[in-house]
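Residue strings, one per chain:
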Amino acid sequence: MLITSSGRFNQENISVIKDIARRYNLDYIERKKQSISHLMERYNDDILVVGNDLSIHLKDEKEVIKYHPNIAMVRAKRVINQQSDAFLEACQLKARMSFLDCTAGLGADSLIASIVLGSSGTITALENNFKLYLLLQEGLQNYQSHNDKINEAMRRVEVVHTDHTAYLKKLEDNSVDVVYFDPMFTMELEESIGIRPIKSIAKTGLNDEAIIEAKRVARKKVVLKDDFRSQRFSYFGFRQIIRKSSKFHFGVIDIDL
Ligand SMILES: C[S@@+](CC[C@H](N)C(=O)[O-])C[C@H]1O[C@@H](n2cnc3c(N)ncnc32)[C@H](O)[C@@H]1O
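Small disclaimer: the values here were computed from a predicted structure and weren't measured.

Calculation criteria
Residues numbered from 1 in each chain as written. Predicted model: local features only at pLDDT ≥ 70, side-chain atom pairs only at ≥ 80, totals over all residues. Heavy atoms only, no water. Helix = DSSP H or I, 4+ residues; strand = E, 2+ residues; numbered from the N terminus. Buried < 20%, exposed > 50% of the residue type's maximum accessible area, 1.4 Å probe, protein only. Areas by Shrake-Rupley, 256 points an atom, 1.4 Å probe, with all protein chains shown as cover. pLDDT = per-residue confidence, 0-100. Contact = heavy atoms within 4.5 Å. Near = heavy atom within 4 Å. Polar contact = N/O pair within 3.5 Å; in protein donor to acceptor, adjacent residues only side chain to side chain. Core = buried A, V, L, I, M, F, W, Y, C linked by side-chain atoms within 4.5 Å. Domains from an automatic or database assignment. Pairing = 2+ DSSP bridges. Axes fitted to C-alpha atoms, helices over the stretch in contact; angles between N-to-C directions.

### Quick notes on the overall build of the protein chain
- For the protein chain, the count of helices and strands is eleven helices and twelve strands.
- When the 257 residues of the protein chain are sorted by exposure, 51% land in the buried category.
- A total accessible area of about 13200 Å² is found for the protein chain, and carbon and sulfur atoms account for 46% of it.

Structure below.
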């Protein structure tokens, strides 16, 4: 993957792009008024583009993908105003707890968890797709919303580029309060606008080993978000929480009964 600047780029910011290139081991290429399509054709690779506001977007053959908290902002404001959130009800998160998001995506659920856990809790978000990992990591560290609480919550999420089964295997028994999975939906969901941009590149699926490891690592709960018709709830032994008006449901395995 390569990295370059937007067309009219402030030269003073070049050192920032070079720093991103160094941190993620990417090749920096000078833009020199070339179009992104031209660069993609020339180098036959995906191109990360850094704008003058230092936001990053990725251009691959199919999509332009950029970090944006999207619907998470609406949810975040509701949670700050003490309104209910189905994800939080399923996870039963409280301050000082630890939360492991095994399928980070664009980090919406991790952000909501981070708001509730506050500075006394720990939130780790795992993403095995390198492109998404990079966009999420940089986005969570640099995105500026108008709400300080939300900005602080973003900065507290630790993002790790890894496969969740491999990561879980290295953790001790009962070492994380809540382990969470939101694998790619197996069926089309009209409501899932927030995940549409990443659908083309993200990996799907959930295997038995991941759930066995999650049950070993979790102290309180393993939680699964999935399509309401998903067979994964019963297959893995999750208690499915029925939400009549929603096409996605949460399933819970209680460890601390
Ligand atoms: C539906 S998205 C998650 C959306 C996320 N909950 C949010 O709020 O933005 C699922 C993500 O899990 C990632 N993923 C799938 N399998 C994984 C694995 N084995 N390890 C780590 N990440 C994985 C995919 O790349 C994708 O980005």
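### Observations regarding the confidence of the model for the protein chain
- Residues at a pLDDT of 70 or more form 92% of the protein chain, whose mean pLDDT is 90.
- Note on residues 186-195: pLDDT is under 50 here. Beyond four places in sequence and across chains, it has 17 contacts.

### Describing the site of the ligand
- Taken together, 21 residues lie around the ligand, and Asp-109, Glu-127, Asp-163, His-164 and Asp-182 are the ones closest in.
- At a separation of 2.6 Å, an oxygen atom of the ligand approaches a polar side-chain atom of Glu-127.
- Between Asn-128 and the ligand, the recorded distance is 3.3 Å, taken from a backbone N or O atom to a nitrogen atom.
- Summarising the interface, the protein chains cover 96% of the accessible area of the ligand, which totals 610 Å² for the free molecule.
- Listing elements by their share of the shell around the ligand, those giving two or more residues are helix H5 (108-117) and strand S7 (122-127).

### A short note on the nonpolar core
- Counting 50 residues, the largest nonpolar core has Ile-3, Leu-48, Phe-87, Cys-91, Leu-93, Phe-99 and Val-223 as the members making the most contacts within it.
- For this core, the element with the most residues is helix H6 (residues 130-142), which contributes six residues.
- Mapped onto the domain boundaries, this core takes at least three residues apiece from domain 1 (2-61) and domain 2 (71-254).
- Counting residues in hydrophobic clusters, the runner-up holds 20 residues, among them Leu-100, Val-179, Leu-206 and Val-222.

### A closer look at the sheet that holds strand S1 (residues 2-5)
- Spatially, the five strands line up as an open sheet ordered S2-S1-S3-S4-S5, and their pairing is mixed. The outermost strands of the open sheet, each flanked by one partner alone, are strand S2 (27-28) and strand S5 (64-66).
- Relative to S2, S1 runs parallel, the two being bridged by two bridges. Residue pairing across strands places Ile-3 opposite Tyr-28, the latter belonging to S2.
- Relative to S1, helix H1 (residues 14-24) is tilted by about 170 degrees, and along the sheet it contacts S1, S2, strand S3 (47-50) and strand S4 (56-59).
- Strand contacts of H6: S3, S4 and S5, with the helix running at about 165 degrees to S4, the strand carrying the most contacts.

### With respect to the side chain of Arg-75
- Inspection of the secondary structure puts Arg-75 in helix H3 (residues 71-80).
- Judged by its relative accessible area of 16%, Arg-75 falls in the buried class.
- Setting aside residues up to four positions removed in sequence, Arg-75 forms contacts with Asp-85, Phe-87, Ala-108, Asp-109 and Ile-112.

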